[in-house]
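Analysis of the macromolecular model
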Amino acid sequence: SMVFGSYLALRELGRGGMGTVYLAIRNDDAFRKTVALKVLRGDDEDFVRRFKQERQILAALDHPHIARILDGGTTPDNRPYFVMEYVEGKQIDAWCDATKAGLAERLRLFLQVLAAVQYLHDNNVIHRDLKPGNILVDRHGHVKLLDFGIAKIQGLAGLPGTREIQGGGPTMMMTPGYAAPEQLE
């Protein structure tokens, strides 16, 4: 078991390019709550900057179809982490298959995704990694958009626009099978 501030990591939920996500619980006398906790792996300066940027993006967002940030901090070995609402659900494609969702239900979910993306765009955030693994459907049939690790911002809540890693040039961080044509270029 690993402790992150007031949170106890129970098991690994997933692993991405920059971080590991754990199922965790708040582990103090104030209250108990199940959460998802994402912690940076390694100490690469560009990854630390991007991770902290993801944490700040999430802190500035408030939308029912975007997973909410709850807390954050730094580990004793100086790795940043953040705590998010835990979304107990399935990837959108797996959920549709498991529930045998028809066209009307699939369109209802798609409209929720579009509402979240429109909210992001209205707030000058470009997600840049929309794929089934980053779109979960909870037990109530509601979409939650996750993982803003490669998001790009252009002035959100007083933040300066993002610069790409590696000296200002374009980033190669993407999921090729889901990347927009302009990302691939």
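Located above this text is the structure these notes cover.
Everything in this summary refers to the structure shown in the same document.

Criteria and cut-off values
- Residues numbered from 1 in each chain as written.
- Predicted model: local features only at pLDDT ≥ 70, side-chain atom pairs only at ≥ 80, totals over all residues.
- Heavy atoms only, no water.
- Core = buried A, V, L, I, M, F, W, Y, C linked by side-chain atoms within 4.5 Å.
- Buried < 20%, exposed > 50% of the residue type's maximum accessible area, 1.4 Å probe, protein only.
- Helix = DSSP H or I, 4+ residues; strand = E, 2+ residues; numbered from the N terminus.
- Contact = heavy atoms within 4.5 Å.
- Polar contact = N/O pair within 3.5 Å; in protein donor to acceptor, adjacent residues only side chain to side chain.
- Salt bridge = Lys/Arg side-chain N within 4 Å of Asp/Glu carboxyl O.
- Pairing = 2+ DSSP bridges.
- Axes fitted to C-alpha atoms, helices over the stretch in contact; angles between N-to-C directions.

Our next topic: the nonpolar core. Core analysis: the biggest nonpolar cluster contains 32 residues, and Ile66 and Phe148 have the highest contact counts within it. Contributing elements (two or more residues each) for this core: helix H1 (45–60), strand E6 (80–85), helix H2 (92–99), helix H3 (103–122), strand E9 (135–138) and strand E10 (143–145). The element contributing the most residues to this core is H3, with 6 residues. Not counting residues within four places of it along the chain, the set of residues in contact with Ile66 comprises Leu61, Glu85, Ala116, Tyr119, Leu120, Lys144, Leu145 and Phe148. Counting 10 residues, the second-largest nonpolar core is a separate cluster that includes Tyr7, Leu37, Val39 and Val83.

Quick look at the environment of Arg15 now. Tracing the sequence through the fold places Arg15 in strand E2 (residues 7–15). Assessed through its relative accessible area of 52%, Arg15 is described here as exposed. Spatially, the C-alpha atom of Arg15 lies 9.4 Å from that of Arg41, the residues being 26 residues apart in sequence. Ignoring sequence-local partners within four residues, the contact set of Arg15 consists of Thr20 and Arg41. In this structure the side chain of Arg15 is engaged in a polar contact, spanning 2.8 Å, whose partner is the side chain of Glu12.

This part is about the pattern of salt bridges. As enumerated under the stated definition, the model contains 10 salt bridges in all. Between Arg68 and Asp62 there is a salt bridge whose closest N-O contact spans 2.9 Å. Of the charged contacts, one joins Glu85 and Lys144 as a salt bridge, the two residues approaching to 3.3 Å between their closest N and O atoms. Here Glu85, found in strand E6, pairs with Lys144, found in strand E10; they are 59 residues apart in sequence, far enough to count as distant.

This part covers the sheet that holds strand E3 (residues 19–26). In spatial order, the strands read E1-E2-E3-E4-E6-E5; together these 6 strands make up an open sheet with antiparallel pairing. Looking at the sheet topology across the chains shown, the edges are occupied by strand E1 (2–4) and strand E5 (69–74). Strand-to-strand twist of the sheet, defined as the mean angle between neighbouring strand axes without regard to direction, takes the value 35°. Taken together, the 3 bridges between E1 and E2 define a ladder with antiparallel strand orientation. Each residue of the ladder has a partner; that of Met2, found in E2, is Ala9. Of the strands in this sheet, strand E4 (34–40), E5 and E6 are in contact with H1, which crosses E6 at around 30°.

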